[in-house]
Amino acid sequence: MPIEIYEIVAQGARYWFLFLMALIVWRSYRWFVRDRRQRKKRMRLLPDAGYIGEMVVIDGGDELQKGAALPIPREGTLGRSRMNDLCLPLQHIKNKHCWFCYDREEGLRMEPYHGCTIAIDGEERTGRRDPLYMQHGSRLTIGGAELRLRMFAGFETALRPSAQPTNDENGAPQAAPAIMTQEQFAQWQAQQMQQQYIQQMTYLQWMAQQQAIAAASTAAPASTPSGNPSPLPPTAPESDGYEPSDEPIYDASSYAPPGPSRQIEFDHGMNFYPPTDSEEDPWPYAPNPDAFPMPEEEDFYAQELDEDLTDAAAPPKSAYVGHDESEAAKKAFWDRYLGGGEKR
Amino acid sequence: MSKRQAYEAYRKERQDKRRPDRRMCSAMMLFFFSGFLLISLKNEIAWQGLALSIVVPALIYVATMWLPRFFPADKLLLSIANFLCALGVLILYSTDLDGGTSRGIQQAMYYGVGILVMLFCIMLVRYIRRWSFFIYVIMFGAALLLALPLAIGTEQNGATNWINIGGTSLQPSEIVKLALLLVLSYFMSRNRLLPWLLFALFSLGVLMLQKDLGTALIYYFTALFMYYAATGNLLMTGFGLVGAAGASVAGYMMFAHVKKRVAIWRNPWMYYETSGYQIVQMLMAIASGGLFGVGLGLGSPRVIPVYFTDCIFAVICEQFGIIFGVLVLVMYVIMILRGTSIATSARHSFHGLLALGATSMLGIQTFVIIGGVLKLIPLTGVTMPFVSYGGTSMVSCMGLIGLLQGVDSLNRDDLSYDYEISRSLQETADLPDADNR
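One structure accompanies this document, and this report is about it.

The rules behind these values
- Residues numbered from 1 in each chain as written.
- Chains lettered and ligands numbered in written order.
- Predicted model: local features only at pLDDT ≥ 70, side-chain atom pairs only at ≥ 80, totals over all residues.
- Heavy atoms only, no water.
- Helix = DSSP H or I, 4+ residues; strand = E, 2+ residues; numbered from the N terminus.
- Contact = heavy atoms within 4.5 Å.
- Core = buried A, V, L, I, M, F, W, Y, C linked by side-chain atoms within 4.5 Å.
- Buried < 20%, exposed > 50% of the residue type's maximum accessible area, 1.4 Å probe, protein only.
- Phe/Tyr/Trp six-rings, centres within 6.5 Å; stacked < 30°, edge-to-face > 60°.
- Lys NZ or Arg CZ within 6 Å of the ring centre and 35° of its normal.

Some remarks on the environment of A:Glu124
All names here are of chain A.
Logical step 1: Along the chain, the position of Glu-124 falls in strand β8 (residues 123-126).
Logical step 2: Along the chain, Glu-124 and Gln-209 lie 85 residues apart, while their C-alpha atoms are 59 Å from each other.
Logical step 3: Apart from the residues within four sequence positions on either side, Glu-124 is in contact with Thr-117, Ile-118 and Ala-119.

Below, the structure is given as structure tokens:
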């Protein structure tokens, strides 16, 4: 192309390039602003995002109000100064007293700074050489105040090996750990099924006895053709309810747990709720998977919010629930996603 | 399909077509297709240019739309980085035609290497959870690499910060930037002052010995910024700023070339034919471009000394205009704002500091080079991120983007986990009763 024509074309094209550049910059800016707006909307629906739990004041003296709940992020510092993530305006603690960090396996790791002292469940530490860990329900004693840790559902951690559940003084077993391995879960499941069988047999025996009592009380005593007396007692025993007999109702040795209808292969290291044995007999509380489509990762930022995610359908203000509710939620979540995935 | 499902499918289809990444990618592809096509028709038909007019838009499409499917990546950051890299390739190629050089093609190859480094950095941040061992390896390795030019380095443009390995020149200080960020983030997040302070002081000392004052400036202010973000200690940060000013005065007194640079900056016209020639030519190039530029492939960029590294912004302003130059700066600003947003959303202080450090490093480098070109501050020898010619510079800039995207991917994982927890609780409340199933 001759240079003269090229100059004319190039000088005309500079406006085209400027237009495209302005368009690109404008779209970048709109994209950035849109993502920010989307994120703000989602964060409003997740007021506890980034927090793992709360520190509830059990005894705060004059400085802290009893019952106050202080949210805890995944990592931060604790101290008297307002710059801390967890600010405790207590006289006997330092501006920066302690550093904490959530550990998925151990719990909330607490490292007091040099010369600072904290106590967790009665165990005291000074300095950052030897950290302490807090789990759900642990008590923190600091500067004369006492706080208790409440972890949100989904952030429960396994107990440390030194704190595995053992029988107490009376020999009664303590609560099972919140998180189990596959073998432990299989044992727990077998125990649960055995207990359910025992309960069912006991109930059936009691029903049979109640029916027998009712039949004996309504039917007139009659003799058999052979003249033998009726096998039923002449009068019904006076009882208001079930009276356990001295003899065992069931024979525990005869119990044999049913084998699985199909072998289930676990692909993940930490499965808590394996899928049901039979696909024709799903978990009775599992919702229709098509009713709640899971948003794709790329749609998480790009698309507008679903109208169903209104304030009325939004989750409660705090994601904290009790242990039973969290267990039920985890079961439903597992079955809803066909076996779930690796827990974080 | 129920009515609701049909409506949802229709809405999704409409939104797919208007997705911001698709619209931006299409604009970028059109820009570079028309740019390379135009430049290839300048003299005789340049088949290389025609090939680049197809290859570069295709690379942009692959890097922006396909890559995030396999690796977690922030598409906006990726798009902006891709655009700036491709802009550098276009500008360098447009100057190659008259000079017979091949910097544009080489820059395109460096861009490919940069993509790989970016992916590596994403995986590094995403999958390494325990840094306690690696950080010491990185620290000592970086210190060794940084000190290498003092032993076997070659001098370029007054600074002894290059080494030759197998015929390839390498600038270790660019690579050590990534190590510096990791080391500072790790030890600052654990509130351990001594290790990072020693490493930073060692790096600064070595750079001063190599006379690479521009990189030393970037290192210092990045460390100061990260220190303030980690501790919030305004007093010490103020001391740091005062210290920087004092060091600048001391450098001015001690080093002759610093005095010369300051004198040129104050009045380049006095040294027009000698040491001020570069700055004068840059200012004249920007002025001759005007608001809309002289046109792609026109002008006299080769008159500017070292136009392909330090002064590439002046070439952009000459060919595309000052308005275009301002829009390029706006792109950098959007990138920095996005990086800051990623840093503030991080759940761990290590990741937050890493993202903030990467963002501040990009921002400081951009300010230093643009300020030097526009004569706001004395010109230093740093490169313009993503645009300037240079393999090591491209690799380090893409590495910074990779660190940012690694942190962003972790942020999104955390947020989606919070979302799943709240949704499972919500669905529990909506589940039917056992009797109604």
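Text resumes after the structure shown.
A closer look at the nonpolar core
Logical step 1: Residues B:Phe31, B:Phe32, B:Phe83 and B:Phe386 are the most contacted members of the largest nonpolar core, which totals 138 residues.
Logical step 2: The element that contributes the greatest number of residues to this core is helix α4 (residues 75-99) of chain B, accounting for 15 residues.
Logical step 3: Setting aside residues up to four positions removed in sequence, B:Phe386 forms contacts with B:Ala81, B:Leu84, B:Cys85, B:Gln107, B:Tyr332, B:Met335, B:Leu362, B:Met394, B:Cys397, B:Met398 and B:Ile401.
Logical step 4: If you look at the next biggest cluster of nonpolar residues, it comprises 29 residues, including A:Ile72, A:Leu78, A:Met134 and A:Leu140.

Overview of the packing of aromatic side chains
Logical step 1: What the rule picks out here adds up to 24 aromatic pairs over all chains.
Logical step 2: Ring centres 6.0 Å apart and planes at 25° place the aromatic pair B:Phe31 and B:Phe324 in the stacked group. Of this pair, B:Phe31 sits in helix α2 (residues 20-40) while B:Phe324 sits in helix α14 (residues 322-345); the two residues are 293 residues apart in sequence, bridging distant segments of the chain.
Logical step 3: The buried category is assigned to B:Phe31, whose relative accessible area is 0%.
Logical step 4: Exposure remark for B:Phe324: the relative accessible area of 0% places this residue in the buried category.
Logical step 5: Relative to B:Tyr277, the ring of B:Tyr272 lies with its centre 6.3 Å away and its plane at 55°, an arrangement referred to as tilted.
Logical step 6: Take B:Tyr277: its relative accessible area is 27%, and that puts it in the partly exposed class.
Logical step 7: Counting every residue linked through ring pairs, the aromatic cluster contains A:Phe17, B:Phe31, B:Phe32, B:Phe83, B:Phe320 and B:Phe324.
Logical step 8: Looking at B:Arg69, its charged tip hangs above the ring of B:Trp66, at a distance of 4.9 Å from the centre.
Logical step 9: Taking NZ or CZ as reference, B:Arg103 lies 3.7 Å from the ring centre of B:Phe308, over its face.

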